[in-house]
Amino acid sequence: MASLQDIVVSAAVNLGSALAFLITFAILRLQPVNDRVYFPKWYLKGIRGSPSHSRGPVTKFVNLDWRMYIRFLNWMPQALRMPEPELVEHAGLDSVAYIRIYLLGLKIFVPIAVLAFIILVPVNFTGDMLDRIEDLTYSNIDKLSISNIPRGSNRFWAHIVMAYVFTFWTFYMLHKEYRNIMTMRLEFLANADRRPDQFSVLVRNVPPDPDESVSDYVEHFFRVNHPDHYLLHGVVYNANKLAKLVDKKKRSKNWLTYYENKFERYPAIRPTTKTGFCGLWGARVDAIDYYTSEIQKLSEEELAERERVKCDPKAVLPAAFVSFRSRWGAAVCAQTQQSSDPTIWLTEWAPEPTDVYWANLAIPYVELNIRRLLMAVAFFFLVFFFMVPIAFVQSIANIDGIQRAFPFLKSLIQKKFVKAFIQGVLPGLVLKICLLSVPLVLMTMSKIEGFTSFSSLERRTARKYHLFILVNVFLGSIITGTAFQQLYKLLHQSATDLPRTVGVSIPMKATFFITYIMVDGWAGIAIEILRVVPFVLFHLKNALLVKTDQDREPAMDPGFLDFATYEPRIQLYFLLGLVYCVITPILLPFIIVFFAFAYLVFRHQIINVYDRKYESAAAFWLDVHLRILTGLFIAQLILLGLLSTKSLGKSTPLLIALPVLTIWFYIICKGQFESAFVQFPLQNAMMDTLERATKPNLNLRLYLRDAYVHPVFKGGEVNLLYNIDLEEDSLLILTKWVSQSSRVTSLAGSDAMV
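These lines cover the structure that appears in this document, whether it is placed above or below.

Reading the values: rules and limits
Residues numbered from 1 in each chain as written. Predicted model: local features only at pLDDT ≥ 70, side-chain atom pairs only at ≥ 80, totals over all residues. Heavy atoms only, no water. Patch = residues over 30% accessible without salt bridge, like charges linked within 9 Å, V, L, I, M, F, W, Y side chains within 5 Å. Areas by Shrake-Rupley, 256 points an atom, 1.4 Å probe, with all protein chains shown as cover. Salt bridge = Lys/Arg side-chain N within 4 Å of Asp/Glu carboxyl O. Helix = DSSP H or I, 4+ residues; strand = E, 2+ residues; numbered from the N terminus. Core = buried A, V, L, I, M, F, W, Y, C linked by side-chain atoms within 4.5 Å. Buried < 20%, exposed > 50% of the residue type's maximum accessible area, 1.4 Å probe, protein only. Contact = heavy atoms within 4.5 Å. Expected span 1.5 Å × (residues − 1). Polar contact = N/O pair within 3.5 Å; in protein donor to acceptor, adjacent residues only side chain to side chain. Pairing = 2+ DSSP bridges. 1 Å grid on protein atoms, 1.4 Å probe; cavity = no way out; pocket = protein on both sides within 12 Å on 5 of 7 lines; lining within 4 Å. Points joined across faces, edges and corners; volume = space filled by probe spheres on them. Nonpolar A, V, L, I, M, F, W, Y, C, P; charged D, E, K, R; others polar. Axes fitted to C-alpha atoms, helices over the stretch in contact; angles between N-to-C directions. Parallel < 35°, antiparallel > 145°, perpendicular 65-115°, else oblique. Phe/Tyr/Trp six-rings, centres within 6.5 Å; stacked < 30°, edge-to-face > 60°. Lys NZ or Arg CZ within 6 Å of the ring centre and 35° of its normal.

Residues Val110, Val114, Leu115, Ile118, Ile119, Val161 and Val165 make up a contiguous nonpolar surface patch of about 520 Å² in total accessible area. Taken together, the elements giving at least two residues each to the nonpolar patch come down to α7 (93-125) and α9 (156-191). Residue contributions to the nonpolar patch peak at five residues, all from α7. Here Val161 shows up in helix α9.

By size, the foremost hydrophobic cluster in this structure holds 152 residues, and its most contacted members are Tyr98, Phe109, Phe474, Phe595 and Phe602. At 17 residues, α7 tops the list of elements feeding residues into this core. Aside from chain neighbours lying at most four places away, what touches Tyr98 is Leu561, Phe563, Tyr566, Glu567, Ile570, Phe602 and Phe620. Formed by 24 residues, the second largest nonpolar core is a distinct cluster that contains Val206, Ala239, Phe324 and Trp345.

Relative to the 16 Å expected for twelve residues at 1.5 Å per residue, helix α20 (residues 438-449) spans 17 Å between its end C-alpha atoms, a close match to the ideal helical length. The elements touched by buried residues of α20 are α14 (368-385), α19 (426-434), α21 (454-478) and α27 (563-583). Gly450 occupies a position one or two residues after α20 and carries a positive phi of about 100°.

Relative to the elements of secondary structure, Arg531 occurs in the loop between α24 (510-530) and α25 (532-544). Assessed through its relative accessible area of 6%, Arg531 is described here as buried. Here Val37 takes part through its backbone oxygen, which lies 2.6 Å from a polar atom of the side chain of Arg531. If sequence neighbours within four positions are ignored, Arg531 has contacts with Val37, Tyr38, Pro40, Asp557, Pro558, Gly559, Gln605 and Val609.

Now for the environment of Leu256. Structurally, the position occupied by Leu256 is in helix α11 (residues 240-265). Separated by 38 residues in the primary sequence, Leu256 and Glu294 have C-alpha atoms spaced 9.7 Å apart. Ignoring anything within four residues of it in the chain, the contact list for Leu256 reads Ile288, Tyr291, Thr292 and Ile295.

Another aspect to go through is the pairing of strand β1 (residues 200-204). Taken across its five residues, β1 has five buried, putting it largely inside the fold. Burial of β1 is two-sided: the residues Ser200, Leu202 and Arg204 facing one way and the residues Val201 and Val203 facing the other way are all buried. Here β1 pairs with strand β6 (residues 346-349) via four bridges, running antiparallel. Along β6, the bridge assignment pairs Val203 with Thr347.

Here we take up empty space enclosed by the protein. By the definition in use, this model includes four cavities of 30 Å³ or more. Considering only enclosed or pocket space, the largest cavity measures out at about 210 Å³ in volume. Lining of the largest cavity is provided by 19 residues; of these, Asp94, Ser95, Leu561, Lys613 and Tyr614 occupy positions nearest its centre. Broken down by element, the lining of the largest cavity gets its largest block of residues, four residues, from α7. Here the lining of the largest cavity is composed, by residue class, of ten nonpolar, two polar and seven charged. When its volume is computed, the second largest cavity comes out at roughly 110 Å³. Looking at the lining of the second largest cavity, the elements with two or more residues in it are α9, α27 and α29 (621-643). For the lining of the second largest cavity, a count of residues per class yields ten nonpolar, two polar and no charged.

Turning to the side chain of His90, a few remarks are in order. Note that His90 resides in helix α6 (residues 84-91). The contact partners of His90, leaving out residues within four places of it in the chain, are Lys41, Trp42, Lys45, Met82, Ile606, Ile607 and Arg612.

Direction vectors running N to C along α9 and α29 enclose 175°, while the axes themselves pass 11 Å from each other. Between α9 and α29, the interaxial angle falls into the category roughly antiparallel. Each of Phe156, Ile160, Ala163, Thr167, Thr170, Phe171, Leu174, Glu177, Tyr178 and Ile181 in α9 lies in contact with α29, whose residues at this interface are Trp621, Leu622, His625, Ile628, Leu629, Leu632, Gln636, Leu639 and Leu643. Here the residues of the contact of α9 with α29 are counted per class, giving 14 nonpolar, four polar and one charged.

Let us look at the packing of aromatic side chains. For the structure on display, the rule yields 44 aromatic pairs. The interplanar angle of 50° and the centroid separation of 4.9 Å between the aromatic rings of Phe380 and Phe384 together place this pair among those described as tilted. Residue Phe380 and its partner Phe384 are both found in helix α14; the two are separated by four residues, about one turn of the helix. Note on Phe380: relative accessible area 42%, which makes it partly exposed. Judged by relative accessible area, which is 17%, Phe384 ranks as buried. The ring of Phe263 has Arg270 sitting right over it, with the charged end atom 5.0 Å from the ring centre.

Shown next, in the form of C-alpha cells:
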C-alpha cells in the first residue's frame with residue numbers, strides 16, 4: 001500500500017516527466033526541420049509552407065530567433081483560441097465532440113470535488129475508526145476515506161445524501177450535453193457540404209439470379225422500386241488480392257528509392273541486399289537491380305489480377321453501392337425494408353468513401369453472425385485470462401515481490417526514495433505497459449467480425465476495450481490475491497456478493513489508482529503531444545526516401561484521433577471519479593488535472609496535427625453516454641455493497657433507489673435523443689430543393705460516379721466498374737430470362753416480377 005510519501009514521490013516523478021515532455025515539445029516545434037511533424041494538418045490543407053526564417057544553411061534546421069524561445073509556451077493559449085464553430089469546420093464534428101468529453105468531465109467533477117472537500121472530507125477525517133483497530137497498517141490518505149467512519153455511525157448519512165446530490169448533478173450535465181451534441185449534430189448534417197454518402201446506400205445480400213448478373217439485377221431492382229430517385233450503382237468486387245499486390249509494389253518502390261538515394265550519396269559502392277524476409281537472409285544481390293526486377297514482376301502480376309477481377313463473374317460480390325438523385329431518396333431507401341424477405345436486399349447508409357473498409361466487403365453476409373459469435377467467445381477468454389499476466393506482473397511490481405525475485409537488491413530497495421518510487425510509480429507503470437498491445441488485438445478481432453467501415457470498427461473496438469479495462473484494470477486491481485485467486489473469485493462468487501467484496505476493497509485501492517492516474521493521465525498525455533514515433537519516422541523517411549519537397553508530404557504522418565484507444569481510457573477516469581467521489585474524495589483532484597490537461601493537449605492536436613480519417617457527425621455519443629451511466633451504475637452498486645458492511649441497514653432502500661433512477665434516466669434519454677443519432681431526418685433531406693435552386697447546373701451523376709470505386713481501380717477503370725443510366729427519363733427496363741431470350745418490362749407491370 002502506497003503511503004503519502006509514496007504519492008508525493010510519484011507526483012514529483014510524473015509531474016517532472018510531464019514538464020520535461022512539454023518543454024521538449026515546445027522547443028522542438030519551433031525548429032524548421034520539425035515543422036511537418038508538429039503542424040502536418042496545415043500542410044495537408046495547403047495553408048502552411050516552409051517557415052520564412054529557414055532559408056539559410058543553419059536556419060534551415062534550427063530556429064535562431066531568440067524571441068520565439070521567450071514565447072515557447074504560447075501554444076497553450078493558441079490551442080484555446082479557436083472558437084468552437086470554426087473548430088467544427090476545421091477539424092470536423094467528431095473531433096470536437098471527442099474533446100467535449102474531457103470538458104464534460106470537468107463540468108461534472110469540479111463541482112462534485114468542491115462539495116466533497118467541503119462536506120465529506122471533514123466528516124471522514126474526524127472519524128476514528130482506523131485508530132481503534134490495533135496492528136492495522138494504513139496511510140494518511142485512508143483517514144480521508146469512508147473507511148475511517150465507525151460502523152453504524154450516523155455520519156454515513158452525509159455520504160448517502162451526497163450520493164444523491166452527485167447522481168442528480170451527473171444526470172443534469174449528461175442530459176444537457178446530450179442535447180447540445182444532438183443539436184450540433186443536426187446543424188452539422190443540415191449545413192454540411194455535399195458528400196457522396198448523403199446520396200448513397202450500401203446494399204448487402206443481393207440474392208442470386210440465374211438469368212442476370214449481380215449488376216443487372218441491382219439496376220433492375222432499384223429502377224423498379226425507386227423509379228424516381230435511383231441514379232446509378234456500383235457493384236463490389238473482391239479486390240483483396242489486387243490490393244495486396246498494389247501495397248507490396250508500393251513498398252518495393254520505397255526500397256528502390258532508398259537504395260537509389262544511397263547509391264547517389266556513395267557512388268563508389270553499389271548497395272546490396274538479401275532476398276529473404278526483410279533482407280535478413282538469402283542470397284546477396286544488387287539491391288537496385290533486385291527491386292527493379294521485383295517491381296516489374298509485381299506490375300505484371302497486378303495487371304493480370306486486374307483483368308481477372310474485371311472478367312471473372314466470381315469476383316463480383318452480392319453487394320453494391322447505390323446512389324440516388326436526392327438525399328431524400330437515399331434516406332427512404334436506407335431506413336426502410338426493401339423486400340418482403342427481411343434477409344435479402346439489406347440496405348444501410350453507405351459510409352463515407354474514405355471510411356469504407358474494403359477488405360471486409362468480401363466476407364459473405366451469412367458468415368457474419370458466426371464470426372461475431374466466435375469473436376465473442378475469444379474475447380471472453382481474452383478478458384479473463386489476460387488477468388493472469390497482469391496480476392502476475394503487478395505481484396512482483398512491489399517491495400515484497402521484487403525482494404523475492406531479486407534478493408540481491410534488498411539493500412537498494414530499502415532506501416527511502418527507491419522504496420517510494422517502487423510503491424508510488426512502478427505498479428501504475430507496469431499496468432500501463434501491459435495494456436499497450438490490447439487495442440491492436442481487439443481491433444484485429446473487430447476486423448474478423450466483418451464490419452465494413454473504419455468508424456464501425458473503432459466503435460466496436462472501443463466497446464470491447466471498455467469492458468476489458470472495466471474487468472482487468474478496475475475489478476482486477478480491486479479484488480486482491482494472486483492471479484488465479486482473482487480469477488477464481490470472479491468466476492465462483494455469486495452476483496449478490498460481488499458488490500460487497502468490491503465495496504470492501506475499494507477504499508484500500510485508492511492509492512494505487514492515484515499512482516495509475518499520474519502515470520497514464522499526466523505523463524502519458526504529455527508524451528502524446530511530443531509525438532515520439534512520428535518524429536523518428538519522419539526524419540528517417542526524410543533522410544532515406546525524400547528527394548524533393550514534394551516527397552516530404554507522403555513522409556508526414558499526421559495520424560488521427562484513435563477513438564478506439566482513447567475513449568475507453570477516458571471512461572476509466574469517469575468510473576474512478578464516480579466511484580471515489582463518495583468513498584475517497586482525495587482522488588478527485590488528480591482526475592480533474594487529467595481532464596483539464598488532456599482537453600488542452602487534444603485540442604492542440606486536432607487543430608495542428610490529426611487528420612480527419614472519417615466523419616460520423618458524433619454518432620459515437622450514444623456509446624459515450626451509455627458508458628458514463630454504466631460507470632455511475634457500478635459506483636452506486638459498490639456504495640451499496642460497502643455500506644451493507646457498515647451496519648446501516650436503514651440505508652439499503654435509499655441506496656437501491658439510485659441504480660433504479662439511473663436506469664430510468666437512461667430510458668428517458670434514449671427516447672429523447674437516440675433517434676437523432678441512428679436515423680436521418682427526412683426534413684433535413686429536403687435540402688435537395690434548396691441545392692437545386694442555388695446550383696441548377698450541378699451534375700450529380702458526375703459527382704457520384706467514381707465515389708465508391710475501390711481505391712485500386714481509381715484512375716482509368718471507373719467506367720468499367722460503375723453502371724450508369726445514360727437515359728435519365730427512360731421508363732423501360734431490359735431484363736434477361738432463360739425462358740424468354742429478352743423482354744421489355746414496363747414499370748407499370750413490374751410489381752408481379754418483384
